[in-house]
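Given next are the chains, with one letter for each unit.
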Amino acid sequence: MWWVADAGPSPGDDDPDTEASADPEATSDSDAASAPASGAVIVPVEPSSTLRSTIAHIAEAAATEGASALHLVEIASWRNGDPESDERAAAAERVLERAAAWARADLEDSEAPGAPDVEVVMAVLGADGYLFGADDYVRVLAEYAEANDADRVVLDPEYTPVGNTTLLQPLEFALSNTPLSVETAPVDRPTRRERFRTEATTGRFVALFGLSLAFYLLLGDPTYWFDAVTGVATAAVVSITLSRVSLDSDPAFPRTPMRIVRGLIYVPVLLFEIVKANLVVARVILDPRLPIEPTLNRMRVIVGSGLPLMTLANSITLTPGTLTVRARDSDLYVHSLVPWAREGLFDGPLERWTRFVYYGRRAARLPSPRERDDVAILQGPDATEELPIAAADGGDPGSGVESESSGGAAVEVESSDDSTDADGVTDR
Amino acid sequence: MTETARVWLVVALTLLGLFFSFVSMVGVLRLPDVYSRAHTASQADTLGAGFGLAAVALTVGLAGAGFKSVLLLFFIFVTNPTAAHAIARAAFEEGIVPWVEGDDRR
Amino acid sequence: MSLVDASLAAGYTLGDFLLVAAAGFAVLAVGMLYRAVVGPTMQDRVLAVNVLGTNTVVILAILGAALGEPTFLDIALVYALLNFLMAIAISKFTVERGGVL
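One numbering rule holds for all chains: residues counted from 1, following each sequence as written. Going through the entries in the order they are written, you letter the chains from A and number the ligands from 1. Whole-chain, interface and lining totals are the exception, using all residues; otherwise, since this is a predicted model, local features are given only for residues with pLDDT of at least 70 and side-chain atom pairs are given and counted only at 80 or more.

### Concerning the overall build of chain A
Worth spelling out the cut-off: A helix here means a DSSP run of H or I that spans at least four residues, while a strand means a run of E at least two residues long, and both kinds are numbered starting from the N terminus. As a rule, residues whose C-beta atom has 12 or fewer other C-beta atoms within 10 Å are exposed, those with 20 or more are buried, and those in between are partly exposed; C-beta atoms are placed from the backbone. Contact between two residues is assigned whenever their backbone-derived C-beta positions fall within 7 Å.
Along chain A, the regular secondary structure elements total 13 helices and ten strands. Buried positions account for 36% of the 428 residues belonging to chain A. Counting only contacts in chain A whose residues sit at least 6 apart along the sequence, the fraction spanning at least 24 positions is 74%.

This is the structure in structure tokens:
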């Protein structure tokens, strides 16, 4: 472990010439009622979209509350001695230096009386071993805090040390078990529009242009010059604005035509299933006794995200007796009207067909969800799991809320395409 | 295909469409909660509309405006389940608990 | 002679039959209207209006065929698009968290 103390004296010791931080009781005259923040503040740093505003917030808070030092730390996701560790350490140092420069500038601009006394310290933690998960991060942070007399951790709301998983909530939870006080900087997070957008490539542009032009000419008259000109213009507008949104992968030669062919095989199968099951459900609905036993079920499916998931979810909804209520990553919440439909769903023929359409015949051979034990009934006498819903009316209020909050963190990222791609633009 | 066969096929398809739309209406009126109603709204109605539009396509003839009818059919088959899913999901996010046996909501 | 003029039975043509069928679909739509009025939840109403819209599309298409007006199909196409957009938009914006898309 190494750290850079850029201002000379060891971090956390009280400068004798400052009244503000020498005495914990009389912290800063402007904000004595606030947190017991006479010690140092630790801020884990990682390049993120809200880092700049987090630093600004922390610098201001540290200045008004009279904190002695601001520790900007980066928790290493590498190990010293590994290949590339030098480059990654250098990159981390650059991020830290930039953050420190921002913090110093903010402190200089600050009008709070404590501002000149706040030190800015940089450190890289945990590079001498591998860290797994939130508990390890917290252990490293707590050791550092103890060594430096810090009592407070402020988190960037977009802080993600591992790169793409959301670790913030587990991290906050683990930190709450330590004597450190934890808070998330109250800064505006950018709206997450970016996840709908993918890279624009020529392949996607051409595919979307062709599709929309064909659609336009199909509705109009392909031989009439006016339709041809306006069609090209419209298709250009559509593909310029939407080629990043509509398609999430490039069309590829052997794959895309194969998918279309296999999709055409699937259509009559699906139609037959729909008609057959519709007749059964029609009998149930027209029965004067109305013999239904609706339940909500959960099923984990093994298809890719995006278009395959949308195909599967729509197929399930089209097949009578089953309705996809929500799709979270690979978990489908399916409402079934009669037990017969539920059993058919758990046998997994639609999942196998979807895999056949997108990945070919060999991928379609897999055990049914029931055999994989990837199913759960959430309601009724056979229920095997609790309903993950905040019970608004009826039901018992306690149980549902709890499971919602514990599951909420891990499934933050919703699969975004389950209902957006329905305008007929596909990437098959 | 002779013309008589085509005519009677149109009649049959229209009647099937009417039947499934009728099932859909009965379902929407009788079933106890929004989730079960979404079943018939998305499925029986999609099939009813599908048969009706197939009858139209057959009447008009695929050479003329009939392919628009086929396009419409395809479009309804894609959008109807998606809309039902969106509505059911909205209900779920509102916290509406699905009806089970013994619940007295109707 | 187009298909709608083909006689079916007792002097009635296929066009007449299609008109009657369109009337049948309209009657079914009135049934849906009951659910749209009664509710009880917002989602019930949206659902009922969505089904009503699908019925309207079919009625438009059948009328287009029966009356020999192919332009009705274009209107039906636009109506179907708007109907879908309506369902998606309302279910997105009636939910507080608004995360439907």
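Let's pick the thread back up.
### Regarding the nonpolar core
The following threshold applies: Residues of type Ala, Val, Leu, Ile, Met, Phe, Trp, Tyr and Cys that are buried and joined through C-beta atoms within 7 Å form what is called a nonpolar core.
If you look at the biggest cluster of nonpolar residues, it comprises 103 residues, and the most contacted ones within it are L72 and I87 of chain B together with A61 and I62 of chain C. If one sorts the elements of this core by residue count, helix 4 (residues 62–94) of chain B sits on top with 15 residues. Leaving out residues up to four positions away in the same chain, I87 of chain B has contacts with A38 of chain B together with Q43, V46, L47, A87 and S91 of chain C. Listed in part, the 47 residues of the second largest apolar core include A103, A123, L171 and A174 of chain A.

### Section: the packing of helix 1 (residues 3–30) of chain B against helix 1 (residues 14–38) of chain C
Short version of the rule: For helices, the fitted line uses only the C-alpha atoms of the stretch in contact; every axis is such a line through C-alpha atoms, and the angle between N-to-C directions lies from 0 to 180 degrees. To sort the angles, those under 35 degrees are grouped as roughly parallel, those over 145 as roughly antiparallel, those from 65 to 115 as roughly perpendicular, and the leftovers as oblique. Here the nonpolar group is Ala, Val, Leu, Ile, Met, Phe, Trp, Tyr, Cys and Pro; Asp, Glu, Lys and Arg are the charged ones; every other residue, Gly included, is treated as polar.
Where helix 1 of chain B meets helix 1 of chain C, the axes come as close as 9 Å, and the angle between the chain directions of the two elements is 10°. In this view, helix 1 of chain B runs roughly parallel relative to helix 1 of chain C, as classed from their interaxial angle. Counting all contacts with helix 1 of chain B, which are made through V7, V10, V11, T14, L18, S21, F22, M25, V28 and L29 of chain B, the residues of helix 1 of chain C involved are L14, F17, L18, A21, G24, F25, L28, G31, M32, Y34 and R35 of chain C. Of the residues belonging to the contact of helix 1 of chain B with helix 1 of chain C, the class tally is 16 nonpolar, four polar and one charged.

### With respect to the interface of chain B and chain C
Each side of the interface is counted separately: chain B has 43 residues, and chain C has 43 residues. For the side of chain B that touches chain C, the secondary-structure elements that each account for two or more residues are helix 1, helix 2 (34–42), helix 3 (44–60) and helix 4 of chain B. It is helix 4 of chain B that provides the largest number of residues to the side of chain B that touches chain C, a total of 17 residues.

### Focus: the packing of helix 3 of chain B against helix 2 (residues 42–67) of chain C
When two helices pack together, their arrangement is given by the angle between the helix axes and by the axis-to-axis distance. Our working rule: Note on convention: near helix rotated counterclockwise from far helix by under a right angle means a left-handed crossing. Clockwise means right-handed.
Between helix 3 of chain B and helix 2 of chain C, whose axes approach to 9 Å, the crossing angle comes to 15°. As the angle between them shows, helix 3 of chain B and helix 2 of chain C are arranged roughly parallel. For the pair helix 3 of chain B and helix 2 of chain C, the sense of crossing is left-handed. Across from D45, A49, G52, L53, V56, T59 and V60 of chain B in helix 3 of chain B, the residues of helix 2 of chain C making contact are V51, T54, V57, V58, A61, I62 and A65 of chain C. The class makeup of the residues in the contact of helix 3 of chain B with helix 2 of chain C is ten nonpolar, three polar and one charged.

### Quick word on the sheet that holds strand 7 (residues 295–300) of chain A
Residues and elements named next belong to chain A. Definition in use: Here, strands pair whenever DSSP counts at least two bridges between them.
Strand order in the open sheet formed by four strands is 8-9-7-10, and the pairing between neighbours is antiparallel. Since the sheet does not close on itself, it has two edges, and those belong to strand 8 (322–328) and strand 10 (375–377), each with one partner. Ignoring which end each strand starts from, the neighbouring axes of this sheet average 20° apart. As paired strands, strand 7 and strand 9 (residues 331–336) are joined by six bridges and run antiparallel to one another.

### Here we look at the pairing of strand 4 (residues 119–125) of chain A
Residue and element names in this part refer to chain A. Of all seven residues making up strand 4, seven are buried, and the element is well covered by its neighbours. By the alternation rule, side chains of strand 4 split into E119, V121, A123 and L125 and V120, M122 and V124, which are all buried. Pairing between strand 3 (residues 69–75) and strand 4: seven bridges, direction parallel. Bridge pairing in strand 4 links I75 to L125.

### What to know about the confidence of the model for chain A
Residues and elements named next belong to chain A. The line we're drawing: Summary of the metric used: pLDDT quantifies the predictor's per-residue confidence within the range 0 to 100.
Taken residue by residue, chain A gives an average pLDDT of 70. The fraction at 70 or more is 68%. Looking across chain A, the model is least confident in helix 13 (residues 397–408), with a mean pLDDT of 35, and most confident in helix 7 (residues 225–246), with 85. For the stretch residues 1–37, pLDDT sits under 50, and the model shows 69 contacts to residues farther than four places along the chain or on other chains. Here residues 390–428 is modelled with pLDDT under 50, and outside its nearest four sequence neighbours on either side it reaches 76 contacts, counting other chains as well.

### A look at helix 11 (residues 349–359) of chain A
All names here are of chain A. Those residues of helix 11 not exposed but buried are L350, E351, W353, T354, R355, V357 and Y358. Summarising the contacts, the buried residues of helix 11 are in contact with helix 8 (255–286), helix 9 (307–318) and helix 12 (369–372). Looking one or two places after helix 11, you find G360, whose phi comes out positive at around 100°.

### Brief notes about unusual backbone geometry
All names here are of chain A. The residue D149 is not glycine, and still its phi comes out positive at about 65°. Considering the arrangement of structural elements, one finds D149 in the loop between helix 4 (133–147) and strand 5 (150–155). According to the C-beta neighbour criterion, D149 is partly exposed, with 16 such atoms within 10 Å.

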